[in-house]
Number of protein chains: 2
Amino acid sequence: MKTLSQRAMTMPSSPIRKLVPFADLARAAGKKVYHLNIGQPDIHTPDTFFQPIKNMDMPVVEYGPSAGLMSLREKFAAYYRKNRIDVTAEDILITTGGSEAIIFTLMVLMDAGDEVIIPEPFYTNYNGFAVQAGVKVVPIASRIEDGFQLPPIASIREKITPHTRAIMICNPNNPTGYVYSRAEMEALRDICLEKDLFLLTDEVYREFVYDGAEHVSAMHFPEIADRVVMIDSVSKRYSACGARIGMIVSKNRAFMDAALKFGMARLCPPTIEQIASEAAVDTPDSYFEEVNREYKLRRDTMVSLLRAMPGVVCPNPRGAFYLVVGLPVKDAGHFAQWLLTDFDVDGETVMVAPADGFYATPGLGQNEVRIAYVLNTEDIRKAMHIIAEALKVYPGRTN
Amino acid sequence: MKTLSQRAMTMPSSPIRKLVPFADLARAAGKKVYHLNIGQPDIHTPDTFFQPIKNMDMPVVEYGPSAGLMSLREKFAAYYRKNRIDVTAEDILITTGGSEAIIFTLMVLMDAGDEVIIPEPFYTNYNGFAVQAGVKVVPIASRIEDGFQLPPIASIREKITPHTRAIMICNPNNPTGYVYSRAEMEALRDICLEKDLFLLTDEVYREFVYDGAEHVSAMHFPEIADRVVMIDSVSKRYSACGARIGMIVSKNRAFMDAALKFGMARLCPPTIEQIASEAAVDTPDSYFEEVNREYKLRRDTMVSLLRAMPGVVCPNPRGAFYLVVGLPVKDAGHFAQWLLTDFDVDGETVMVAPADGFYATPGLGQNEVRIAYVLNTEDIRKAMHIIAEALKVYPGRTN
């Protein structure tokens, strides 16, 4: 029997997946598991999202346009203009989740063997999309000691080759929560202009910025408008991860025309969830204010409890709902597994995501975990208590 | 500025797309256009589909499992067993439409430069998916004179090279409506066994078979269970094209495991439309009986009216809801455009899909169009009258 493709063989698994059987075992053993390992918020999807589908009166669930419903694209365009991103519906292509937006973007801009530079740690699924597109991810390491700020431009410059097509960032960042400063965004703008690169910017966490931090979008710089592609999604913004409605936003007409051809091949994004997403754009600002207040409270709670643990290194990022935390352990993957298999406090334990899976460079992030603050503060307190107690007795502790 | 990828440059446009501006012009000029050019049925989506979403009480629209909701996979497995396809939920991966199912399948089985043999004419988007996967489509021509039956196995055999990985069919066929016979399916089974090839079978029109024809699925042959991948979708079955719920079905465990890794990268298919699709599986048989009665009536109406037109060659296929028809014209693409720009009967005209776009071999299908019987018989009669009148006066007529 013939084997599968080389592409299938090199397609990565989710780094969290290795832990799933151990979480299943923990639950089977009667333990309660606090899930801090996933980017699935517990925040309620706003009512606005459900209204049109509850009242749906549609005789046929038809194919929509390949670029997405025009009314939805117009609604998003107005939303972006409110965020000082000067676009029209023509600059927006609706995709099936941010995932499809990334795949289309890589495929439209790059051929097999082309390279995209990405600060690491980065969202692990970028690896899977790169394998599908045959694209090589070239990581540049950001460091926990620096709060995961943008690595020096010099370190980017030295990675640029004739095969480099783009720099890609996630801002606010998954997994680090870091929000890029204006100076950093300007530096990225300048190097992309100088080296003739595209700037791909995954901004699905745009709404989640704390401490009055300014979110500087790559779309805020008209001088690079033709080389910026923004990836976005309703998943986090409206806590509607399962809706699979994302978008590509770009002023580069040739790029958008080509992306639409990929869109036409797969016909259209889901119709019903586009209709729901369109209504969700009318979610009142008070919803976001409340959500951000909640996330900030959770982050503050988590950061202060983590920093109180001896040997733990915890930055205080100003966006998204993740922390990458350094632990006083040699192998955070083993620690995460041990939490599930060998530890509990009163029958409760915690699942976290080992951070090495978010790095492309082997050996980096070995003692780090990503923690998502997707539980309420009460549960966060309990979960942090479990980690604190675990670190006291974990046999693989380094100091 | 750097150019786009080679992949983007070679990504095909929909063959119908060229005609769209002319349809817009026709409408702008006040003409009514009967759309026989698309696979969007007018058949009502069954009530069962809408019930759970109207009653939805879901606090958070969460990510579902990457393989799809287990309850949906189990429901589909039971549906297949009813259709004598012996599978369990483990053999089913839910995808975002049949489109994603095809992309995943090509990517899991083939690397750049690998070849898949497909009888032509075939669903045009196979081309787009092949470009995305870097796969070469090798067409074997079926002929209108033979009612588009499977080309002789000898013609398949001579196309097999060391790069050939699979044969792919669509059964019942889009665009021809042809339903492969048991003997043809057995011949495909045998050549795949002999030459160690996968058999990819797109069966999204399974429900639409007329005249008592038997639908023989590639999944009906246990002796090739490990080399068959079935593509399916709720789009046509429940007239829910916009739902974007499809599936990959295979007993090949290694293949399914690899396909799941592609599924994990994009997280999950749309949650709400999975829930609706699950309910749709309970649609009573009477719905399908009524729909099939209606389609058969339309086909009979259309075939008899087309065959009454001098010079028109019209097979009488037993499945799906398409006909590929030979017209007494030199360039069916020009005829289709002319219908929109230069012709009407009492202010009404027709849009059809030129069939050359469904062939990969240049020069084939030049005088053929695909007609979808997605309108009621009253409209079909009017549309056929318009085509009959048009052929009488069309300046590019050949005989």
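What comes next concerns the included structure.

Rules of the game
Residues numbered from 1 in each chain as written. Chains lettered and ligands numbered in written order. Predicted model: local features only at pLDDT ≥ 70, side-chain atom pairs only at ≥ 80, totals over all residues. Heavy atoms only, no water. Pairing = 2+ DSSP bridges. Helix = DSSP H or I, 4+ residues; strand = E, 2+ residues; numbered from the N terminus. Phe/Tyr/Trp six-rings, centres within 6.5 Å; stacked < 30°, edge-to-face > 60°. Buried < 20%, exposed > 50% of the residue type's maximum accessible area, 1.4 Å probe, protein only. Lys NZ or Arg CZ within 6 Å of the ring centre and 35° of its normal. 1 Å grid on protein atoms, 1.4 Å probe; cavity = no way out; pocket = protein on both sides within 12 Å on 5 of 7 lines; lining within 4 Å. Points joined across faces, edges and corners; volume = space filled by probe spheres on them. Nonpolar A, V, L, I, M, F, W, Y, C, P; charged D, E, K, R; others polar. Salt bridge = Lys/Arg side-chain N within 4 Å of Asp/Glu carboxyl O.

## Section: the sheet that holds strand S12 (residues 368–372) of chain B
Residue and element names in this part refer to chain B.
- Read from one edge to the other, the open sheet built from three strands follows the order S9-S12-S11, with strand pairing classed as antiparallel. The open sheet terminates on both sides in strands that have one partner only, identified here as strand S9 (322–326) and strand S11 (353–354).
- Sheet analysis places S9 next to S12, joined by five bridges and oriented antiparallel. Bridged to Tyr 322 within S12 is Ala 372.

## Quick look at the packing of aromatic side chains
- Enumeration over the complete set of coordinates arrives at 38 aromatic pairs over all chains.
- Measuring from ring centre to ring centre gives 4.9 Å for Phe 335 of chain B and Tyr 394 of chain B, while their planes differ by 75 degrees; the resulting arrangement is edge-to-face. With Phe 335 of chain B in helix H13 (residues 332–341) and Tyr 394 of chain B in the segment after helix H14 (377–393), this pair connects stretches of sequence that are 59 residues apart.
- Overall, the relative accessible area of 1% leaves Phe 335 of chain B in the buried class.
- Sitting over the face of the ring of Phe 221 of chain A, Arg 189 of chain A holds its NZ or CZ atom 5.2 Å from the ring centroid.
- Note that Arg 237 of chain A overlies the ring of Tyr 79 of chain A, its terminal NZ or CZ placed 4.0 Å from the centroid.

## Points about the layout of surface pockets
- One number sums up the size of the second largest pocket: a volume of about 1100 Å³.
- Contributing to the lining of the second largest pocket are 44 residues, with Tyr 63, Ser 66 and Leu 267 of chain A together with Ser 14 and Ile 38 of chain B lying nearest its centre.
- Those elements giving two or more residues to the lining of the second largest pocket turn out to be helix H9 (253–265) of chain A together with helix H2 (20–28), helix H5 (97–109), strand S7 (228–233) and helix H9 (234–237) of chain B.
- Broken down by element, the residue count for the lining of the second largest pocket peaks at four residues, all from H2 of chain B.
- In terms of residue class, the lining of the second largest pocket is made up of 20 nonpolar, 15 polar and nine charged.

## Observations concerning the pattern of salt bridges
- Considering all chains together, one arrives at 50 salt bridges over all chains under this definition.
- Between Glu 115 of chain A and Lys 136 of chain A there is a salt bridge whose closest N-O contact spans 4.0 Å. Of this pair, Glu 115 of chain A sits in strand S3 (residues 115–120) while Lys 136 of chain A is found in strand S4 (residues 136–141), placing the two residues 21 residues apart along the sequence.
- Residue classification places Lys 136 of chain A among the partly exposed residues on the basis of a relative accessible area of 47%.
- Salt-bridge contacts for Arg 189 of chain B lead to Glu 223 of chain B; the nearest nitrogen and oxygen are separated by 2.7 Å. Linking Arg 189 of chain B in helix H8 (residues 182–195) with Glu 223 of chain B in the loop between strand S6 (198–202) and S7, this pair joins segments that are 34 residues apart in sequence.
- Judged by relative accessible area, which is 15%, Arg 189 of chain B ranks as buried.
- We classify Glu 223 of chain B as partly exposed; its relative accessible area is 37%.
- One salt-bridge network, held together by shared partners, links Asp 91, Lys 251, Arg 253 and Asp 257 of chain A.

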